[in-house]
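# Inside the fold
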Protein chains: 4
Amino acid sequence: MSIRVGIIGISGYGGGEAMRLVAGHPSFELVYAAGEGSAGSRLVDRFPGAPAKLADLVIEKWDPTALPRLDVLFASLPTGASADALARVPKDVKIVDIGGDHRWVEGWTYGLADVWPAQIKGKTRVANPGCFPAATLTALAPLLADKLIEPGNIVVDVKTGVSGAGRGGGNSKFGYAEVNEDLAPYGLLKHAHMPEIAKTIERLSGEGSAGGLVFTPHLVPMTRGILATIYCRGRATTEQCFDAAKRFYGGRAFVRVSDKPPHTKWATGSNFAFVSYAADPDRNLVIAMGVVDNLGKGAAGQAVQNANLICGLPETAGLDGAPVWP
Amino acid sequence: MSIRVGIIGISGYGGGEAMRLVAGHPSFELVYAAGEGSAGSRLVDRFPGAPAKLADLVIEKWDPTALPRLDVLFASLPTGASADALARVPKDVKIVDIGGDHRWVEGWTYGLADVWPAQIKGKTRVANPGCFPAATLTALAPLLADKLIEPGNIVVDVKTGVSGAGRGGGNSKFGYAEVNEDLAPYGLLKHAHMPEIAKTIERLSGEGSAGGLVFTPHLVPMTRGILATIYCRGRATTEQCFDAAKRFYGGRAFVRVSDKPPHTKWATGSNFAFVSYAADPDRNLVIAMGVVDNLGKGAAGQAVQNANLICGLPETAGLDGAPVWP
Amino acid sequence: MSIRVGIIGISGYGGGEAMRLVAGHPSFELVYAAGEGSAGSRLVDRFPGAPAKLADLVIEKWDPTALPRLDVLFASLPTGASADALARVPKDVKIVDIGGDHRWVEGWTYGLADVWPAQIKGKTRVANPGCFPAATLTALAPLLADKLIEPGNIVVDVKTGVSGAGRGGGNSKFGYAEVNEDLAPYGLLKHAHMPEIAKTIERLSGEGSAGGLVFTPHLVPMTRGILATIYCRGRATTEQCFDAAKRFYGGRAFVRVSDKPPHTKWATGSNFAFVSYAADPDRNLVIAMGVVDNLGKGAAGQAVQNANLICGLPETAGLDGAPVWP
Amino acid sequence: MSIRVGIIGISGYGGGEAMRLVAGHPSFELVYAAGEGSAGSRLVDRFPGAPAKLADLVIEKWDPTALPRLDVLFASLPTGASADALARVPKDVKIVDIGGDHRWVEGWTYGLADVWPAQIKGKTRVANPGCFPAATLTALAPLLADKLIEPGNIVVDVKTGVSGAGRGGGNSKFGYAEVNEDLAPYGLLKHAHMPEIAKTIERLSGEGSAGGLVFTPHLVPMTRGILATIYCRGRATTEQCFDAAKRFYGGRAFVRVSDKPPHTKWATGSNFAFVSYAADPDRNLVIAMGVVDNLGKGAAGQAVQNANLICGLPETAGLDGAPVWP
């Protein structure tokens, strides 16, 4: 029997990717889609390549009081918008919030699915990690678990493709003519994802303060992909880092430990995360690297993985497509 | 029972895409892969995101006398290389040649799958159309079938992403620094795909000569995608063109008739072709447009579709993934 | 003594390029800049790489009644905006209108500078050609002058970078995430530049009707550059076309006749146009190709060339910089 | 009287940019060009947009015993090739080596022109800094001079466009299809530019050891541009960092201190460096950012600046062009 799925925010890039993954999922059936700008149009008007079975589904204006029967709801709304939007969703509808409002919030489970799958199983309110945290924390988790690095002294230099800025933009600073052949840092010392990362580092390390966290995002001229290059202090060897990661992720489907520095293109269109390490004990230095597709593991891919865990399905259901390369 | 599949030329972009599609196919099992530069390495070394079940498959040096038992073989070799390479493949192995050597050649069926599916069913030697012909002919077929345009007076202006040039290149003219922010025509009046297109136009129109065919390819700074903008002479209205296309492709899974000019990104990663039309009878003008992913419908996607037809499977098996967007 | 120059529309891409060229001009001095969104800010706030001598110039709100003493005014406004904006500019201020409102309009000279320099000299109101016409007409002019092609039967397939859409946009359809890895035609059978091209073809050919003109623009994922691939009917040989072009542009500084198909990158940042030809008399076919930088020869470069002609300066003053490559 | 200039390595991207800058220089005259693959062809065959006055200059095979009379020679050769190539150049020919062989080598002056102009004046053998060091050291110099950061504890995360890899490549890993939509780190813990940066940090700080230096380059899908994001330890405030930079570069032409995080596109085609800072004394953290065009300030631009200093010309001669934007 199929699981009835809805998506809010289907007009955006994250919502669109959720649509693609749900459409290819063996147990999910998309029965409801809500959007802002696109309300009233059919899915195929918005996504000319929408699967035939979904082509004529009409996108609704969001109204939590007039939902069809749903088992799972994916919410892909701008930060600040989902707290209100989801408040009145019936309790028996399971929610995965791809947006930023419910991370480490009372009543919600933080859905870092490759790290804490057991805690997510059977939950009904799961907050998907942000795209930067997904890349960063997946790389750091094994090092923190094995206490190979100092949790209070971590410098995260992340680089992201432009789809991470969302679709609403329409600002010329995200326009092709200006982003192409350009690269810049932004949000120095105050990016919105910092507290989420700091909080999770504390949980992963079991230690009190990640107050020394430094986090600098950069906008890169590409559509998809995130790379986190993470500079840590620790006396571990490269081999110890790899051993820790291989143990930590042994048997896990979506994290690949790569002996070469990872490329963002390796993950495009998939739910994979690639992690790698380089260390120099003489310099008290460990470099961790994490790569994800910001719309895959960084958004809709991890959301489907969380929904699988919630629903008691195999974790990989609907997520076993290989990346699109090149 | 699964169908045992092999791929030759797996190091290239077309071969890699075939691997991705075969891996996700419900009835195919990849049991053999051959490559040139990559022989001896495992699939996962070459494709870091290869599915777990294929990760350890070792890429072989091609030897047609030492094949495992195969039902279907996909060949993705440079033009000129497949005639020899495939000559000694056992007769009971069905072949789809993605390369250029067997198109409209005696003993081979021309695999324009959306147009001539019945002729392909049950065949054992199928020559996949070239990427430019796939985009061009899919758009033209309904117009030629309905005699809405003059078959001897067609100007094809095609634009392709860079992966169409293959991977062997390594020439700085395909290097990022020079292709980026650049655009140029090439192969004027003599591109290798011209005879294939001319021949197929003759078959589609049932008329003798497509000698007036003009075909100009352009290299565009993108990885995937082909757009053919085709200028024809005819007195049809726009509506007649759309009607012809909707009738011609009614019930067909992979060709979408779009009332808006098609975008290459609509097809990325999929086996879709998008066609559209604009006509001005007063000027004796019909413009046909066709879009494909050059590695999808233009290569591996259509090859899998042909293999489905050959094997008596549903035409859409393994090909129902939605395009990756954006 | 320097020539006092003003620019309206300096916030846009065309206006910005005019600023760059004026700044490097040996006889021009930028004394006035007006913009919409940027009014009130200094040039260096808008262009972090503005030359030191211009850095502190404050961008004004446009007011034609409160202009400083100006010799030349460049107007780079959206189509529809310059007719009004320029109506009250004092008669003794020479104007080059980069925008679309005054092309082939009474009282204005059409500034196709490489073709009709003598007619532009000493004029005070010059309408710069559009970017598509600049690429198209420069390639066609020698063929029309020598009557090598039929003026009433011309198919223009043009491809443009995204900066041609201007900066105001802010529409997600010009956003990086959607334009990147995408390509599409637009404005079929009705693009705004068609009448301008048709009119100029008539002038160049001395014949009445270019009613058969077909013009199809395409948006290409690059910031700068236009390529026009033009399909004509005629019995000329390739050699005759090249001869015509070499004669026509002999001694002219900015048009280069290339024996290889031209690349848009050859022109980036310069006022060059590159033209080339391929013909097949047996098929009654002549293909002409023209390449420009849409912000150079397609906008600000040609505008400065026109201003040089107006002011009696050497045509190449301030325009002799080589293209930026790669 | 003009200064007679030669360029070796004109086929490469750095040599080509040197050609462009020399061509636009008021006192330099290019009289000699040598190249490998391009020997025997004219400059215009290699650079279709070469200035008219240089178009017919024939590129020679390098032979230091058969040079014409030269005042200045620019060498833009791969690392490892210039030591030999330049050994027999006559002593009275001044050399700026853009390549890597003579940096901090006896008999050569290290040409960090914005920092040490006085030491470069009148020298005859100058080693141009590498492109990564140019971006990194320009940002760090004021902080080191004012002892605002610890010189032995610096993490440099640099991101570069693809032209930095040079043109010889032809490797598919620099091919468009693979670099586009991709991003990856490389050369971890052992990049060739590390010793040069460490050495210069020691000189700038007057302290013995930069042994704690961490340096990680990343390949970004763009043609030109370098951004260095540099994580330092120190108790300075953001304001102190900006004050230091404004004092250090006060009156200097090519370094701009930006209060916003710098974009690589701001520098494209120019000799500018943009630097910016963000500090948090509570976390003992100073972030320095430096942006250059890798072919401008990172190669040919700085080389011309060095040649100006050598020849006693104004430092900005031939370098006052504004960046090309967008």
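Residues numbered from 1 in each chain as written. Chains lettered and ligands numbered in written order. Predicted model: local features only at pLDDT ≥ 70, side-chain atom pairs only at ≥ 80, totals over all residues. Heavy atoms only, no water.

- The name given to chain A in an unreviewed UniProt entry is N-acetyl-gamma-glutamyl-phosphate reductase, with Ramlibacter henchirensis as the source organism.
- Under the Subcellular location (unreviewed entry) heading, UniProt states for chain A: "Cytoplasm". (UniProt positions renumbered as here; feature names shortened; annotations may be inferred.)

### Quick look at the sheet that holds strand E10 (residues 226-233) of chain D
All names here are of chain D.
- With mixed pairing, the 7 strands of this open sheet are ordered in space as E8-E9-E7-E10-E13-E12-E11. Bordering the open sheet on either side are strand E8 (184-185) and strand E11 (255-257), each of which pairs with just one other strand.
- In this sheet, strand E12 (residues 273-280) lies alongside E11 in parallel orientation, the contact comprising 3 bridges. Paired with Val255 across the strands is Ala273, a residue of E12.
- Sheet strands touched by helix H8 (residues 238-249): E11, E12 and strand E13 (285-292). Its angle to E12, the strand with the most contacts, is close to 155 degrees. (Pairing = 2+ DSSP bridges. Helix = DSSP H or I, 4+ residues; strand = E, 2+ residues; numbered from the N terminus. Contact = heavy atoms within 4.5 Å. Axes fitted to C-alpha atoms, helices over the stretch in contact; angles between N-to-C directions.)

### A short note on the relation of the copies chain A and chain B
- Of the two same-sequence chains, chain A is brought onto chain B (RMSD 0.0 Å, axial shift 0.0 Å) by a rotation of 180 degrees. As the rotation angle and translation indicate, the two copies are arranged about a two-fold axis.
- Looking at the interface residues of chain A, 100% of them are also at the interface in chain B, so both copies use one shared face. (Least-squares fit on C-alpha atoms with pLDDT ≥ 70 in both.)

### Concerning the packing of aromatic side chains
- By the definition in use, this model includes 50 aromatic pairs over all chains.
- Summarising the aromatic geometry, the rings of Trp104 of chain A and Trp116 of chain A are spaced 6.0 Å apart at their centres and angled 85 degrees between planes, so their arrangement reads as edge-to-face. With Trp104 of chain A in the loop between strand E4 (94-97) and strand E5 (109-110) and Trp116 of chain A in the loop between E5 and helix H4 (117-120), this residue pair connects regions lying 12 residues apart in the sequence.
- Here a set of aromatic residues connected by ring pairs shows up, and it is made of Tyr13 and Phe47 of chain A together with Trp325 of chain B. (Phe/Tyr/Trp six-rings, centres within 6.5 Å; stacked < 30°, edge-to-face > 60°.)

### Brief notes about the domain arrangement of chain A
Residue and element names in this part refer to chain A.
- Per the domain assignment, the segments of chain A are domain 1 (3-129 + 298-311) and domain 2 (131-294).
- Placing a centre on the C-alpha atoms of domain 1 and another on those of domain 2 gives a separation of 25 Å.
- The partner domain 2 presents 25 residues to the 21 residues of domain 1 that form the contact.
- Carbon and sulfur atoms make up 55% of the area that domain 1 and domain 2 hide from each other, which totals about 1,800 Å².
- Interface area lost by domain 1 to domain 2 is led by Tyr13, Trp104 and Asp114, which between them contribute 34%.
- Applying the counting rule to domain 1 against domain 2 returns 2 salt bridges.
- The residue Glu17 makes a salt bridge to Arg224 at a minimum N-O spacing of 2.8 Å.
- Applying the counting rule to domain 1 against domain 2 returns 12 residue pairs in polar contact (both at pLDDT 80 or more).
- Put simply, the parts of the chain that give the side of domain 1 that touches domain 2 at least two residues each are helix H1 (13-23) and helix H9 (296-311).
- In terms of residue count, the dominant contributor to the side of domain 1 that touches domain 2 is H9 (5 residues).
- Partitioning the side of domain 1 that touches domain 2 into residue classes produces 10 nonpolar, 6 polar and 5 charged. (Domains from an automatic or database assignment. Buried area = accessible area lost by both parts, 1.4 Å probe. Salt bridge = Lys/Arg side-chain N within 4 Å of Asp/Glu carboxyl O. Polar contact = N/O pair within 3.5 Å; in protein donor to acceptor, adjacent residues only side chain to side chain. Nonpolar A, V, L, I, M, F, W, Y, C, P; charged D, E, K, R; others polar.)

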